[in-house]
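Okay, here's what each chain looks like letter by letter:
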Amino acid sequence: MSRPQRGAETQPPARTAREVVEAKEQAMLAASRAVVELFVERGTNDFTIRELAAHAGVSERSFYRYFPRKEDVVRPFLTAGAARIATELTERPPGEPLQTSLAVIWAASWAATHVEQLRQLYRVLRTSEGFRAQWFQIMADSERLWADAIAARLGLEPRSHQAALAAAVVSAAARLSTVDYGEAGHGESPAELFATALAMVGPRLFTAPGSPPPAPVRESTDAGRA
């Protein structure tokens, strides 16, 4: 029987491919969050890659590997928010009307609870066409996540037209609530704007086939504060 190599018993086990991917994703999210906080704090995105990498605590080489373009740096932070909303949607009480669930979840999201930071971030990103395009692309990409969550809630096929249309409506409502508040910065909050947009759509779209339609969602955030 061969003897183990000296020090082998103290070496950590090799990570699996999935663990390596997850570690990279967490590192990217941490760097993205740090940069977004910097943009909000300083009110500008006018930083060099060297400055952004240093602030995020990664090397320039790692920064470029994570974010091939400067605009890509906001993607993990914003995408994580959309993914969290989709996950929370599947965890809401099954008997709760879907429109109510969506309004409650959005009211508790970062965009709705950090309104001043949202307004500052939107103003920072809109100064650059590349960053502004990234913002809207992430909103569009999130539709797939929401479609899957909506389909699961309503017992639909994941690729059904109803789930796809409902997700498109949710995406549009989210986009309008953030853009309208970011540009105006007063009046209705993002949560109120989102709920109002959903209330404009009939409940049939958000109801499982064959089920009686629920009462329309209220055009306020009262449900979110319950």
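Here, the structure is the one placed above.
Heads up: these notes are all about the structure in this document. A quick note: this is a predicted structure, and the numbers were derived from the prediction, not measured. (Residues numbered from 1 in each chain as written. Predicted model: local features only at pLDDT ≥ 70, side-chain atom pairs only at ≥ 80, totals over all residues. Heavy atoms only, no water.)

1. Let's talk about the overall build of the chain
Quick reminder of the rule: Put simply, DSSP H or I for four residues or longer makes a helix, DSSP E for two residues or longer makes a strand, and each gets a number counted from the N terminus. Here, two residues are considered to be in contact whenever any of their heavy atoms come within 4.5 Å of each other. Note on areas: these come from Shrake-Rupley sampling with a 1.4 Å probe, and a residue is covered only by the protein chains present in the view.
The helix and strand tally for the chain stands at 11 helices and 0 strands. In sequence order, the chain lays out its α and β elements as α-α-α-α-α-α-α-α-α-α-α. For the chain, restricting intrachain contacts to residue pairs at least 6 apart in sequence, the fraction spanning at least 24 positions comes to 65%. Of the roughly 12,700 Å² of accessible surface on the chain, 53% is carried by carbon and sulfur atoms.

2. With respect to the packing of helix α4 (residues 75-91) against helix α5 (residues 98-107)
Selection criterion: Interaxial angle, 0 to 180 degrees, is taken between N-to-C directions of lines fitted to C-alpha atoms, where a helix line uses only the stretch in contact. In these notes the angle categories are as follows: under 35 degrees is roughly parallel, over 145 is roughly antiparallel, 65 to 115 is roughly perpendicular, and the rest is oblique. Two helices crossing with the near one rotated counterclockwise from the far one by less than a right angle form a left-handed crossing, whereas a clockwise rotation gives a right-handed crossing. Each residue gets one label: Ala, Val, Leu, Ile, Met, Phe, Trp, Tyr, Cys and Pro are nonpolar, Asp, Glu, Lys and Arg are charged, and the others, such as Gly, are polar.
α5 packs onto α4 with a crossing angle of 135 degrees between their chain directions and a minimal axis gap of 10 Å. For the element pair α4 / α5, the angle class is oblique. Note on packing geometry: the crossing formed by α4 with α5 is right-handed. Contact residues: α4 offers I85, E88 and L89, while α5 offers L98, S101, L102, I105 and W106. The residue makeup of the contact of α4 with α5, split by class, is 6 nonpolar, 1 polar and 1 charged.

3. Points about the pattern of salt bridges
Put simply, the test is: One speaks of a salt bridge when a side-chain nitrogen belonging to Lys or Arg is within 4 Å of a carboxyl oxygen belonging to Asp or Glu. In this scheme, a residue with accessible area under 20% of its type's maximum is buried, one over 50% is exposed, and one in between is partly exposed, where area comes from a 1.4 Å probe on protein chains only.
All chains considered together, the criterion is met by 8 salt bridges. A salt bridge links R69 to D72, with the shortest nitrogen-to-oxygen separation between them at 3.0 Å. Looking at D72, the relative accessible area reads 13%, which means it is buried. Put simply, R144 and D148 hold a salt bridge, and the shortest N to O gap is 3.4 Å. Here the residue R144 and the residue D148 both occupy positions in helix α8 (residues 129-154), the gap between them amounting to 4 residues, near one helical turn. Judged by relative accessible area, R144 falls into the partly exposed class, the value being 35%. Here D148 falls in the partly exposed class, since its relative accessible area comes to 33%.

4. Remarks on the side chain of T196
As a reminder of what qualifies: Polar contact is defined as a pair of N or O atoms within 3.5 Å, subject to the rule that within protein one atom must be able to donate a hydrogen and the other to accept it, and that residues adjacent in sequence are counted only when both atoms are side-chain atoms.
Along the chain, the position of T196 falls in helix α10 (residues 190-199). Engagement of the side chain of T196 in a polar contact is seen with the side chain of E188, the distance being 3.4 Å.

5. Quick notes on the packing of aromatic side chains
Think of a pair of aromatic rings as described by two things: how far the centres are apart, and how the planes are tilted against each other in angle. Put simply, the rule reads: Working definition: a ring pair exists when centres of Phe, Tyr or Trp rings (six-membered ring for Trp) sit within 6.5 Å. Plane angles under 30 degrees give stacked, over 60 give edge-to-face, the rest tilted.
Counted by the stated rule, this structure contains 7 aromatic pairs. Here the aromatic rings of F39 and F131 are separated by 5.7 Å at their centres, their planes lie at 85 degrees, and the arrangement is edge-to-face. Of the two residues, F39 is situated in helix α1 (residues 17-42) and F131 in helix α8; the sequence distance between them amounts to 92 residues. Across the pair, exposure class does not vary: F39 and F131 are buried alike. Their ring planes at 65 degrees and their centres at 5.1 Å tell us that F63 and F67 sit as a pair that is edge-to-face.

6. Observations regarding the layout of surface pockets
Spelled out, the test is: Whether a set of points on the 1 Å grid over the protein atoms alone is a cavity depends on a 1.4 Å probe fitting there but being unable to get out, while an open set qualifies as a pocket with protein on both sides within 12 Å along at least five of seven lines; lining residues are those with an atom within 4 Å of a point. Grid points are joined across faces, edges and corners, and a volume is the space filled by probe spheres set on the points.
Volume-wise, the largest pocket comes out at about 550 Å³. For the lining of the largest pocket, the secondary structure elements donating two or more residues are α1, α4, α6 (110-113), α7 (115-126) and α8. Considering each element in turn, the lining of the largest pocket owes the most residues, 8 residues, to α4. Classifying every residue of the lining of the largest pocket by side-chain character gives 17 nonpolar, 6 polar and 4 charged. The calculated volume of the second largest pocket comes to roughly 190 Å³. Taken together, 13 residues line the second largest pocket, and the ones lying closest to its centre are P94, E96, P97, L98 and L154. Grouping the constituent residues of the lining of the second largest pocket by class yields 8 nonpolar, 3 polar and 2 charged.

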